[in-house]
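Single-letter residue listing:
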Amino acid sequence: MAQNADALPLRPATPAAEAPPRGVERRAAKPAPAAARPQPTGRDRDRFVGFAFAAADLLIETDPKGTILFAAGARCRLTQHDVASLVGSGLHEHVAPTDRKYLDVLLKRIVDKTRIKPARVVFQGFDGHRFPALLGGCRLESCPGSLFLTVLLASGPRHEAPAVGPGAAGQLLDNHTFTAILEDRIVQAREKGLDNGLTLLLIEGLQGMVDTMPEGAAAEVRQGIDAYLRGISADGDSAGQLGADRFGIVHTADVDGDEVQTHIADIIKEAGGDLQGGIRSWSLDMADSQLDAADAARALVYTVQAFASAQGGEFTIASLEDGAQRMLSDAVDRIGRARATIEKRDFFVVYQPIVDLESGDVHHLEALTRLEGMPSPADFITFAEDVGLIYDFDLLLTQSVLDTLKAYHLEPKLPDVAINLSAKTLMSPLFLRQFQAVTEPYGDLARKLLLEVTETVVVSDIGTLNDVLQKLRSAGFRICLDDVGAGSTSFQSLYGLQVDYAKIDGKFVRGAAGNPRDMAMLRSMVDVCLQLDLTLIGEQVEEPDHARLLNELRVTLGQGYLFGRPSRDFAYFAKDWSKMARKGGAVLWKS
Ligand code: C2E
Ligand code: CA
Ligand code: CA
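Nothing here was measured: the structure is a model prediction, and the numbers come from that model.

Q: Whenever I open this one, the pattern of salt bridges confuses me. Can you help?
A: Opposite charge on two side chains lets them pair, provided their charged atoms get close. Following the criterion strictly, the structure yields 20 salt bridges and no others. The closest approach of N and O atoms between arginine 109 and glutamate 259, which form a salt bridge, is 3.8 Å. Of the two residues, arginine 109 is situated in helix α4 (residues 100-113) and glutamate 259 in helix α8 (residues 257-270); the sequence distance between them amounts to 150 residues. Among the residues examined, glutamate 259 registers a relative accessible area of 29% and is labelled partly exposed. Note that arginine 185 is salt-bridged to aspartate 237, the shortest N-O span being 3.5 Å. Here arginine 185 is found in helix α5 (residues 175-192), whereas its partner aspartate 237 is found in the loop between α7 (215-232) and β7 (239-243), with 52 residues between them in sequence.

This is how it looks when you write it as structure tokens:
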């Protein structure tokens, strides 16, 4: 222990951004006037040793290359013998091969930045056993040539690391996990005053370049980028690969975009790569941005998603900074407006009949939202889904439709009404409870609701969604799967979701007459649905021919301009609706 203790009292070499940030610690670090500076005593030494062990299981001193000069504390399975036997070995030997490059980055950052916050590193015991630990470190001006490291054993990984194949980057988060961590970090930045930054990085042509490089060199590039981005990310686990050539990193505030670009260029050059495109980055200081917490998270996540999917051509190499900045401020404005629309209830509901194709009777109505001045709510709905506002909206709309039903509840032939619920809403953990709270005051009237769900969930969530749907069904609500055929997961949804109705996407209904492929799709979808015992609805029935075809195919219900456009006039449907689909007593399409 003597070696460490001689170096005390601890004083960071320079007050860099990663050095203890504020308050007490900074004051303590301020050098006292030389004459008055007290000499360390045995008590001082013990105190700092105490602090060090409070923070770590194992204390290690290395040279800047990682050769161990001193070790004290628990063996942590790194050696079979006394911890002192670690001296002389390289720290790299005790780290899993996949994390060795990453260790290089961390050691270099201690040299450059004076101090790093603990980052998650996978260690490897003498018996080959691997375990995660948090590695922190600093250097002291008074001990040039030494790095002081703390190792704190950690529990399992915060995210499941994907399987690492040869040459795979492996350790970076996927899009979905990165987004979740980003949201978490934004909240932390607000609530705990953590000064985090976000950088979006575009390495144009990376994929193409790596594909043409020899295997070893390609792995060098991938692992180099992986290790570096993790190394600069907050806690070593906040860097994600969002696309083939795009990355996102949440980091401490001292990381700057130019430094990142230069470093990436060096990694590529050292591996002998020849990048055809450019490297660009855009950084944002989360603490500086003027947004309130909830909207900041939503707008940022929206921007990151747009960057990930390379939407709108905003994020080109020539305009990444401008594009991202513009997208972010547009998103903030739009979220503000969408929120106001919802809070001020600036929308109304129109109703469109769904008719029985045989009898021409109205079977039920579909409630569709309308926003003032907008012919279709589709953009608003999609945006509300993307930024997490759809939940409030869907519940509000449910209530609004129930209020309308209640106003007409004495009508003898009050029609059933289908409402659209986003799968995102249904999957929200609070949904069932809150839906019950909204519907309960209306008693049996609420069972007039039919719930249309548009399948926009990833296949892995279908089971969860089905659980929610079955609870709703056992509470007496009928469910309709909307837009069947439109999404890539349709057949999986049909298979995995037990519902009462299936609504065939209008594209196939309108297309079938003139397009044999649409016809084939329509036939096979109808076939599957009938085998599953579902009642079928065809939508966008605009011509008598569409209705005739559906009827031949044994689709029993139809919806579309042929039978009636969406209308605000609920009273009409409530009082005299059965006339809607007929003309002079004859079914429209047969006349
Ligand atoms: P959707 O659920 O598939 O609704 C049917 C759409 O087809 C409606 O568009 C309707 O106006 C339109 N339509 C009806 N008949 C015909 C026809 O004969 N030909 C053609 N070409 N179109 C027809 P709308 O009202 O613009 O709504 C668009 C989408 O927005 C809806 O698609 C639904 O996914 C969503 N949406 C609408 N209202 C709500 C709502 O209150 N909540 C939620 N979550 N989504 C809603
Ligand atoms: Ca619908
Ligand atoms: Ca539809």
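Now that the structure has been shown, the text picks up again.
Q: Where do I start with the pairing of strand β13 (residues 449-454) in this structure?
A: Consecutive side chains of a regular strand alternate in pointing toward one face of the sheet and then the other. By the criterion of burial, β13 is predominantly enclosed, with five of the six residues buried. Alignment of strand β12 (residues 417-422) against β13, held across six bridges, turns out to be parallel. Bridge pairing links serine 422 to threonine 454 in β13. Sheet topology note: the β13/strand β14 (residues 478-484) ladder contains five bridges and is parallel. Note that in β14 the partner of leucine 451 across the bridge is isoleucine 479.

Q: In this structure, what is going on with the environment of leucine 494? I would like to understand it.
A: Within the element layout of this structure, leucine 494 appears in helix α16 (residues 490-496). Distance in space between the C-alpha atoms of leucine 494 and valine 528 is 8.3 Å, their sequence separation being 34 residues. The residues contacting leucine 494, other than those within four sequence positions of it, are Leu481, Val484, Val528, Cys529, Leu532 and Leu534.

Q: What is the right way to read the site of ligand 1 from this model?
A: In the vicinity of ligand 1 lie 22 residues, with Thr369, Arg370, Ser376, Glu542 and Tyr561 positioned nearest. Note that an oxygen atom of ligand 1 is positioned 3.1 Å from one of the side-chain N or O atoms of asparagine 420. In the environment of ligand 1, an oxygen atom lies 2.8 Å from a nitrogen or oxygen atom belonging to the backbone of tyrosine 561. For ligand 1, whose free accessible area comes to 800 Å², the fraction covered by protein is 86%. Of all elements in the fold, only β11 (362-371), α12 (390-407), β12 and β14 reach the threshold of two or more residues within the shell around ligand 1. Top contributing element to the shell around ligand 1 by residue count: β11, with four residues.

Q: Explain the packing of helix α14 (residues 431-439) against helix α15 (residues 462-474) to me, please; I cannot follow it from the model alone.
A: Geometrically, a packed helix pair is captured by the angle between its two axes and the distance between the axes. Where α14 contacts α15, the two axes come as close as 11 Å, and the packing angle between them is 25 degrees. Of the possible angle classes, the one that applies to α14 and α15 is roughly parallel. For α14 against α15, the interelement crossing comes out right-handed. Where α14 abuts α15, its residues Phe431, Leu432 and Phe435 lie against Val468, Lys471 and Leu472. Looking at the contact of α14 with α15 residue by residue, the classes come out as five nonpolar, no polar and one charged.

Q: What should I look at first to understand the sheet that holds strand β15 (residues 501-504) in this one?
A: Sheets are built from strands paired through backbone hydrogen bonds, the pairs being either parallel or antiparallel. The strand order around the closed barrel built from eight strands is β10-β11-β12-β13-β14-β15-β16-β17, with neighbouring strands paired in mixed fashion. Each neighbouring strand pair of the sheet contributes to a mean axis angle of 30 degrees, computed without reference to strand direction. This element, α12, spans β10 (347-356), β11, β12 and β13 of the sheet and lies at about 170 degrees to β12.

Q: I would appreciate a short explanation of the coordination of the calcium ion (ligand 2) in the present structure.
A: When a metal holds four donors in a tetrahedron, each ideal angle between them is 109.5 degrees; when it holds six in an octahedron, the ideal angles are 90 or 180 degrees. At the metal site, the calcium ion (ligand 2) is ligated by Glu366 (OE), Asn420 (OD1), Glu452 (OE) and Asp482 (OD), and these contacts range over 2.1 to 2.3 Å. Written as a sequence motif, the donor arrangement for the calcium ion (ligand 2) is E-x53-N-x31-E-x29-D. Separating the calcium ion (ligand 2) and the calcium ion (ligand 3) is a distance of 4.3 Å, and aspartate 482 donates to both of them. Of this pair, glutamate 452 sits in strand β13 while aspartate 482 sits in strand β14, and the two are 30 residues apart along the sequence.

Q: How should I be thinking about the coordination of the calcium ion (ligand 3) in this particular structure?
A: For the calcium ion (ligand 3), every protein donor is listed as Asp482 (OD), Asp483 (OD), Glu539 (OE) and Glu539 (OE), and the spread of their distances is 2.1 to 2.6 Å. Here the donor residues of the calcium ion (ligand 3) share one chain and are spaced in sequence as D-D-x55-E. The buried category is assigned to glutamate 539, whose relative accessible area is 11%.

Q: I'm lost on the nonpolar core in this one. Help?
A: Generally speaking, soluble globular proteins have nonpolar side chains that are buried together. Ranked by size, the top nonpolar core spans 109 residues in total, and within it Leu198, Val401 and Leu472 carry the most contacts. No other element matches the 10 residues that helix α9 (residues 293-308) contributes to this core. Of the residues that make up this core, three or more belong to each of domain 2 (175-337) and domain 3 (345-589). If we skip the residues at most four places from it in the chain, leucine 472 touches Leu426, Phe431, Leu432, Phe435, Leu451, Phe477 and Ile479.

Q: For this particular structure, what's the right way to read the packing of aromatic side chains?
A: What describes a pair of aromatic rings is the distance from one ring centre to the other and the angle between the planes of the rings. Evaluation of the coordinates by the stated rule reveals 10 aromatic pairs. Connected via pairs of aromatic rings, a cluster forms that spans Phe347, Phe380 and Phe393. Positioned above the aromatic ring of phenylalanine 307, the side-chain terminus of arginine 246 is 5.0 Å from the ring centre. The positively charged end of lysine 507 is found above the aromatic ring belonging to phenylalanine 508, 4.7 Å away from the centroid.

What counts as what
Residues numbered from 1 in each chain as written. Chains lettered and ligands numbered in written order. Predicted model: local features only at pLDDT ≥ 70, side-chain atom pairs only at ≥ 80, totals over all residues. Heavy atoms only, no water. Salt bridge = Lys/Arg side-chain N within 4 Å of Asp/Glu carboxyl O. Helix = DSSP H or I, 4+ residues; strand = E, 2+ residues; numbered from the N terminus. Buried < 20%, exposed > 50% of the residue type's maximum accessible area, 1.4 Å probe, protein only. Pairing = 2+ DSSP bridges. Contact = heavy atoms within 4.5 Å. Near = heavy atom within 4 Å. Polar contact = N/O pair within 3.5 Å; in protein donor to acceptor, adjacent residues only side chain to side chain. Areas by Shrake-Rupley, 256 points an atom, 1.4 Å probe, with all protein chains shown as cover. Axes fitted to C-alpha atoms, helices over the stretch in contact; angles between N-to-C directions. Parallel < 35°, antiparallel > 145°, perpendicular 65-115°, else oblique. Left-handed = near helix turned anticlockwise from the far one by under 90°. Nonpolar A, V, L, I, M, F, W, Y, C, P; charged D, E, K, R; others polar. Donors = N, O, S within 2.8 Å, 3.2 Å for Na, K, Ca; no water. Core = buried A, V, L, I, M, F, W, Y, C linked by side-chain atoms within 4.5 Å. Domains from an automatic or database assignment. Phe/Tyr/Trp six-rings, centres within 6.5 Å; stacked < 30°, edge-to-face > 60°. Lys NZ or Arg CZ within 6 Å of the ring centre and 35° of its normal.

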